[in-house]
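If you want the building blocks of each chain, they are given just below.
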Amino acid sequence: MAGLETGTMSLTRRDVLIAGSAGFAGVALFSPPSARANDEALDLVEQLIGRKAMMSDRLHLIMPADFPTGYTVPMSLYIDSPMTEADHVRQMRVFAPRNPLIEVASFHFVPQRSLPRVSTRIRLAKPQHVVAVAEMNDGVLLMTTTWVRVATDGCA
């Protein structure tokens with residue numbers, strides 16, 4: 001091109017592909033691996049409760065992905081359940097595997113008398129996958145996880 005100075009940078013298609021690949025690799029290395037995390041969470045629940053849980057779309061754990069302090073991280077937890085005698089949740093528990101005390105919350109429910117939802121704040125020591133487990137009336141354990149990154153240790 002006419003009028004370009006010799007000190008300008010030109011990028012080839014190869015340069016762009018290499019830079020894009022490096023960026024993708026960086027994201028892959030530093031993103032929380034969800035499949036491995038789910039397997040680790042399933043193993044943790046089996047160790048703590050003594051029974052196997054299964055991942056479920058019925059159970060919802062809502063927390064911010066990034067939070068400035070680990071002292072008061074907001075959390076909402078609910079399950080899709082009619083809360084009838086035939087189909088209800090007995091208990092929901094929340095675990096933070098990287099905290100000094102792993103079980104951070106436990107909630108009990110009564111069919112036809114309570115809504116299966118809670119909102120509260122919990123402490124988190126480090127960035128981690130937070131695990132929620134719901135025990136249904138038939139004994140089935142439903143589980144979900146969410147990644148939360150905190151900037152400060154809320155358990156110190």
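Residues numbered from 1 in each chain as written. Predicted model: local features only at pLDDT ≥ 70, side-chain atom pairs only at ≥ 80, totals over all residues. Heavy atoms only, no water.

Trainee: Even after reading the chapter, I still don't get the pattern of salt bridges, so can you show me in this structure?
Mentor: A side chain with one charge may pair with a side chain of the opposite charge, provided their charged atoms come close. For the structure on display, the rule yields 6 salt bridges. Among the ionic pairs, Lys52 bridges to Glu46, the shortest N-O distance being 3.5 Å. Residue classification places Lys52 among the exposed residues on the basis of a relative accessible area of 64%. Sharing partners across several salt bridges, the network here consists of Arg51, Arg90 and Glu135. (Salt bridge = Lys/Arg side-chain N within 4 Å of Asp/Glu carboxyl O. Buried < 20%, exposed > 50% of the residue type's maximum accessible area, 1.4 Å probe, protein only.)

Trainee: How should the side chain of Gln91 be read in this particular structure?
Mentor: When you line up the elements, Gln91 lands in strand S5 (residues 89-95). Exposure remark for Gln91: the relative accessible area of 15% places this residue in the buried category. Engagement of the side chain of Gln91 in a polar contact is seen with the side chain of Ser106, the distance being 2.9 Å. The residues touching Gln91, leaving out its near neighbours within four places in the chain, are Ser106, Phe107, His108, Phe109, Val133, Ala134 and Glu135. (Helix = DSSP H or I, 4+ residues; strand = E, 2+ residues; numbered from the N terminus. Polar contact = N/O pair within 3.5 Å; in protein donor to acceptor, adjacent residues only side chain to side chain. Contact = heavy atoms within 4.5 Å.)

Trainee: What exactly am I supposed to notice about the pairing of strand S9 (residues 141-150) here?
Mentor: Side chains on a regular strand alternate between the two faces of the sheet. Among the 10 residues that make up S9, 8 are buried, leaving the element largely enclosed by the rest of the structure. Of the strand pairs in this sheet, strand S1 (residues 54-55) and S9 are connected by 2 bridges, and their pairing is parallel. Bridge assignment links Met55 to a residue of S9, and that residue is Met143. Here 2 bridges tie strand S3 (residues 66-67) to S9, and the two strands are oriented parallel to one another. Within S9, the residue paired with Phe67 across the bridge is Val150. (Pairing = 2+ DSSP bridges.)

Trainee: What am I meant to see in the nonpolar core here?
Mentor: Within soluble globular proteins, side chains that are nonpolar tend to cluster in buried spots. The biggest cluster of nonpolar side chains holds 26 residues, and the ones touching the most others in it are Met63 and Leu124. Mapped by element, the contributors of at least two residues to this core are strand S2 (59-62), strand S4 (73-79), S5, strand S6 (103-108), strand S7 (117-122), strand S8 (128-136) and S9. Setting aside residues no more than four positions away along its own chain, Met63 makes contact with Val73, Pro74, Met75, Ile122, Leu124, Val130, Thr146 and Val148. Leu44, Val45, Val131 and Met143 belong to the second-largest nonpolar core, a separate cluster that totals 9 residues. (Core = buried A, V, L, I, M, F, W, Y, C linked by side-chain atoms within 4.5 Å.)

Trainee: Just checking my understanding: could you explain the packing of aromatic side chains for this structure?
Mentor: A ring pair, where both rings are aromatic, is described by two values, the distance of the centres and the angle of the planes. Taken as a whole and assessed by the stated rule, the structure comprises 0 aromatic pairs. Lying over the aromatic face of Tyr78, Arg117 brings its terminal NZ or CZ to 5.3 Å of the ring centre. (Phe/Tyr/Trp six-rings, centres within 6.5 Å; stacked < 30°, edge-to-face > 60°. Lys NZ or Arg CZ within 6 Å of the ring centre and 35° of its normal.)

Trainee: In this structure, what is going on with unusual backbone geometry? I would like to understand it.
Mentor: Note: most peptide bonds trans; most residues except glycine with negative phi. Although it is not a glycine, Met83 adopts a positive phi angle of roughly 55°. With respect to the element layout, Met83 can be found in the loop between S4 and S5. You can call Met83 buried: its relative accessible area is 4%.

So far we have only geometry, and geometry alone does not tell us how the molecule works.
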